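Structural features, examined
Take a look at the letters that make up each chain.
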Amino acid sequence: MLLGLVAAALTMGPVVAADAGTADYEIEVSLDPDTHRLQASERVRWTNSTATPTDEIYLHLYLNAFASSETTFMRELRGSSLRGRVALSDDWGWVRIERMVLDGSVDLMPEMEFVRPDDDNADDFSVARVALGRVVEPGDVVELEIEFSAQLPRVIARTGFMDDFYLVGQWFPKLGVFEGEEGWNCHQFHASSEFFADFGRYRVSITLPENWVLGATGVESGSAPADGGRRTVTYRAERVHDFAWCAAPPDLMEVVETDFSPGRDVPLQWLERAQSLLGLSAAELELPPMRLRLIVPRAQRVLAPRMVRAARLSVAWFGLFYGPYPYPQLTIVSPPRGAEEAGGMEYPNFIGTGANRLDAYSPFSWSSDIEAVTVHEFGHQYFQGMLASNEFEEAWLDEGVNTYAELECMTAIAADGLVPEIRPFPYWGAERLALAVPQVPVKVGVRAWDYRRRWVYYLASYAKTAVVLRTAEGLIGAEAMALGLRSYFDRHAFGHPSGHDLVATLSDAAGQDLGPFFEQAIWSDAVPDWAVTSVRQRTPKTAGGFSWDGGEWHVIEGDETDGADDEAADSDIWQVDVELARLGDFIGPVDVELTWADGASERRTWGGEERWVSWRLEGSERLAQVVVDPDGVWALETRRADNYWRDKPAREDHPLWWVREFLGIAGNMFLKWS
Ligand SMILES: [Zn+2]
């Protein structure tokens, strides 16, 4: 059907390998730039690594999410585009299986049916079920041969074409994940969701116009001329769970070949910081060198050094704190103008960053967007690439934990002045500000398509999760947090951990059960919110009234008034009643700092199980100030103006008392996280 592109694509070697993964793929694909189509053949070798037999497989056919206006993806998108840019019109995308054979001989085409496990939408064709006609016992291997064609959409949701630029992701029929007794985990393609797949080995041969630029997951292992002024380039990758590539003519994009060299690229202060937080020696933290390939529009060439520097800093930061990047190469593509929706995305060994040529000039160059996007997408090599949690069901484990790591790294880049162009930016303050927006409380721990709105998915999976971890760090300390995340990788790399795995690992590192904290922070919509609701001060001498003594009533010494806030009192003793309230549902210990007029202060911890508490204090001075959470441990608490109380006379003593008051409240609300 497709312009004779199949011919070059059908010679395949054996797939079998001793150290094969669970799902190994060999794909030969040919790109036709005139029609934006792919013609391909694919050999899949799947090992049932569970203890449960099965007689079926499930396949993702992601590109069919773009096949019509009625797919689940498009309905959830509600007519907009993924990132507010390009919308599909008539440039639909699809993938069609044309031939499928089991074990070299059994035709599976009659056994294939489309299923909709998430929403029963009869117009969605993004998941297929195939009855195999035989049982695959634990440890058994299934080999499928598939021929398929794919129409790429105009760039949408990180994939597609824009003129001659191609970002080819989610493009091939791909197995779901067999989870034993729970069956196949194979969700439809949703507007708010990323992916989940088994690890395996990939060998992908791509045939494209001869002089075109190409970048992909893995490393190039061969290149050979093909018919019609074309060439075939082969890439190999191991221990990855996806494969993506980009291609473009050389007048549009160029390649910068460079590297990460630890001696040159690891900032010394970061090495020292990692040593002190993790308790590891410099030798134990040594990172391997690796290759970096940057594919950049010629129009952005002037920004390439900045992108390379951002990539090197990313490799250093994540390598030091989470463990060495375990692959030999990273490819970074910055999409050209008009294809921005293909940027800011992660695939194994292959990430999309984003830039604008104006970023070369001030004041645009002051923004740290290039660094932030590069750090974030590289961070996904760890959370999405190596840990590979189920992003359909627990998106926060990738996006949110990675956003936490990104903000830590960006804060360090800015504080250490490693990118002289950028101006100070309150990274954590910005995340907390976003968290203060929604009126309806947000729960993080739901499936990606079950959030009330798509912006709530982003808010919960990215910002809220990052701030939850920041709060956990405040509660257990930076050292325990760093150790916990490091051992999260040690324990679960290539293991698809769940949210409860993360909580268990952090609890071990902290030496305390963080379950109650995370149950509330992730799996409930409880909001932390405390307030100082009342402070009353009096001296005992101002007490009045009557007392029964010696068989008659006596007047108590002092004024007849109740004497509250009496400044004239000459007693040495002030009695102070401080009332605090828990306005939110989140229960957790919070520190309270009480400062007296002479500057002396004391701290108390309120467990916060009750709705309110009242403390009676006594001192030789008036109480001058009360601050709930004085260290800003609870970054999750965004309503903090009422955490702060200052004695009125003390305020008005100062000619600019209102300035001090404003600074006090503002500082308590924001400055600790900026
Ligand atoms: Zn991300």
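Our structure is the block above this text.
Conventions and cut-offs
Within any chain, residue numbers begin from 1 and follow the written order of that chain's sequence. The predicted nature of this model means local features are confined to residues of pLDDT at least 70 and side-chain atom pairs, given and counted, to a pLDDT of 80 or more, with totals for whole chains, interfaces and linings taken over all residues. As a rule here, side-chain values come from all non-hydrogen atoms in the structure, and water together with hydrogens is ignored. Only centres within 6.5 Å qualify two rings of Phe, Tyr or Trp (six-membered ring in Trp) as a pair; their planes then separate them into stacked at under 30 degrees, edge-to-face at over 60, and tilted for everything else. Helix and strand labels come from DSSP, where a helix needs a run of H or I of at least four residues and a strand needs a run of E of at least two; each type is numbered from the N terminus. Type-normalised accessible area, obtained with a 1.4 Å probe on protein chains alone, sets the label of each residue: buried when under 20%, exposed when over 50%, and partly exposed for intermediate values. Geometrically, a charge over a ring is one whose NZ (Lys) or CZ (Arg) sits within 6 Å of the ring centre while staying within 35 degrees of the ring normal. Distances define the donors: N, O and S atoms within 2.8 Å of the metal qualify, as do those within 3.2 Å of Na, K or Ca. Water is excluded, so some sites may look unfinished. N or O atoms closer than or at 3.5 Å make up a polar contact, with two conditions inside protein: a donor-capable atom paired with an acceptor-capable one, and, for residues adjacent in sequence, both atoms drawn from side chains. Whether two residues are in contact is decided by their heavy atoms: any pair within 4.5 Å suffices. We treat two strands as partners when DSSP finds at least two bridges between them. The convention used is that axes are lines fitted to C-alpha atoms, helices contributing only their stretch in contact, and that angles between N-to-C directions extend from 0 to 180 degrees. By the definition adopted for this analysis, an angle is roughly parallel if under 35 degrees, roughly antiparallel if over 145, roughly perpendicular if from 65 to 115, and oblique otherwise. Residue polarity is assigned by list, with Asp, Glu, Lys and Arg as charged and Ala, Val, Leu, Ile, Met, Phe, Trp, Tyr, Cys and Pro as nonpolar; anything else, Gly included, falls into the polar class. Put simply, a nonpolar core is a bunch of buried Ala, Val, Leu, Ile, Met, Phe, Trp, Tyr and Cys residues held in one set by side-chain atoms that sit within 4.5 Å of each other. Any helix carries an expected span of 1.5 Å times its number of residues minus one. Directions pointing from the helix axis toward each C-beta atom define the arc. Any Lys or Arg side-chain nitrogen found within 4 Å of a carboxyl oxygen on Asp or Glu counts as a salt bridge.

Now for the packing of aromatic side chains. Per the stated rule, a full pass over the model turns up 50 aromatic pairs. Ring centres 5.3 Å apart and planes at 75° place the aromatic pair Tyr62 and Phe189 in the edge-to-face group. Of this pair, Tyr62 sits in the loop between β3 (54–60) and α1 (72–77) while Phe189 sits in the loop between β13 (184–185) and β14 (200–209), placing them 127 residues apart in sequence. The exposure class of Tyr62 is buried, given its relative accessible area of 3%. For Phe189, a relative accessible area of 0% corresponds to the buried category. Between Tyr325 and Phe378, the ring centres sit 5.4 Å apart and the planes meet at 40°, which makes this aromatic pair tilted. Separated by 53 residues along the polypeptide, Tyr325 in the loop between α4 (304–322) and β21 (329–333) and Phe378 in helix α5 (residues 369–387) bring together distant segments of the chain. Exposure class is identical for Tyr325 and Phe378. Each is buried. Ring-pair connections join several aromatic residues into one group, and the members of that group are Phe318, Tyr322, Tyr325, Tyr327, Phe378, Tyr382, Phe383, Tyr488 and Phe489. In this arrangement the basic side chain of Arg96 is found over the ring face of Trp94, its NZ or CZ atom lying 3.7 Å from the centre. Here Arg239 stacks its cationic end above the ring of Phe494, 3.8 Å away from the centre of that ring.

Within the protein, His376 (NE2), His380 (NE2) and Glu399 (OE) serve as the donor atoms for the zinc ion, at 2.0 to 2.1 Å. Summarised as a motif, the one-chain spacing of the donors to the zinc ion is H-x3-H-x18-E. Placement of the pair is His376 in helix α5 and Glu399 in helix α6 (residues 395–415), with a sequence separation of 23 residues. Each member of the pair, His376 as well as Glu399, is classed as buried.

Looking at the secondary structure, you find His36 in the loop between β1 (23–32) and β2 (37–47). Looking at His36, the relative accessible area reads 16%, which means it is buried. Polar side-chain contacts of His36 include one of 2.7 Å to the side chain of Tyr166. Setting aside chain neighbours within four positions, we find His36 in contact with Ala150, Gln151, Leu152, Phe161, Asp163 and Tyr166.

Moving on, we come to the sheet that holds strand β6 (residues 112–114). Strand order across the open sheet formed by 4 strands is β6-β7-β3-β11, with antiparallel pairing between neighbours. Two strands bound the open sheet, and with one partner strand each, they are β6 and β11 (174–175). Pairing of β3 with β11 involves 2 bridges; the strand directions are antiparallel. Opposite Leu59, over in β11, you have Leu175 as the bridge partner.

Let's shift gears to the packing of α4 against helix α9 (residues 478–492). Relative orientation of the contacting elements α4 and α9 amounts to 85°, with a least axis distance of 8 Å. Classified by the interaxial angle, the pair formed by α4 and α9 is roughly perpendicular. Packed against α4, whose contacting residues are Gly319, Leu320, Phe321 and Tyr322, the element α9 presents Leu485, Arg486 and Phe489 at the interface. When its residues are assigned to classes, the contact of α4 with α9 shows 5 nonpolar, 1 polar and 1 charged.

Let us look at the nonpolar core. Ranked by size, the top nonpolar core spans 198 residues in total, and within it Phe73, Trp171, Phe243, Trp245, Tyr322, Phe518 and Leu623 carry the most contacts. Residues contacting Trp245, with those up to four places away along its chain left out, are Val29, Leu31, Leu38, Tyr166, Leu167, Val168, Trp171, Ile206, Leu214, Gly215, Ala216 and Phe350.

So, on to helix α13 (residues 657–669). For α13, with 13 residues, the first-to-last C-alpha span of 18 Å sits near the 18 Å given by 1.5 Å per residue. Every buried residue of α13 is listed here: Glu661, Gly664, Gly667 and Asn668. The buried residues of α13 occupy an angular sector of 135° when projected down its axis, which confines them to one face. Of the exposed residues in α13, the ones pointing more than 90 degrees away from its buried face are Trp658, Phe662 and Leu663.

Let us look at the pattern of salt bridges. Tallying each qualifying case throughout the model produces 35 salt bridges. Two residues, Arg291 and Glu257, come together in a salt bridge whose shortest N-O distance is 3.3 Å. Of this pair, Arg291 sits in strand β20 (residues 290–297) while Glu257 is found in strand β19 (residues 253–260), placing the two residues 34 residues apart along the sequence. Two residues, Asp265 and Arg312, come together in a salt bridge whose shortest N-O distance is 3.6 Å. Taken together, the positions of Asp265 in helix α2 (residues 262–265) and Arg312 in helix α4 put the pair 47 residues apart, joining distant regions of the chain. Overlapping salt bridges, with partners in common, bring together Asp259, Arg264, Asp265 and Arg312 in one network.

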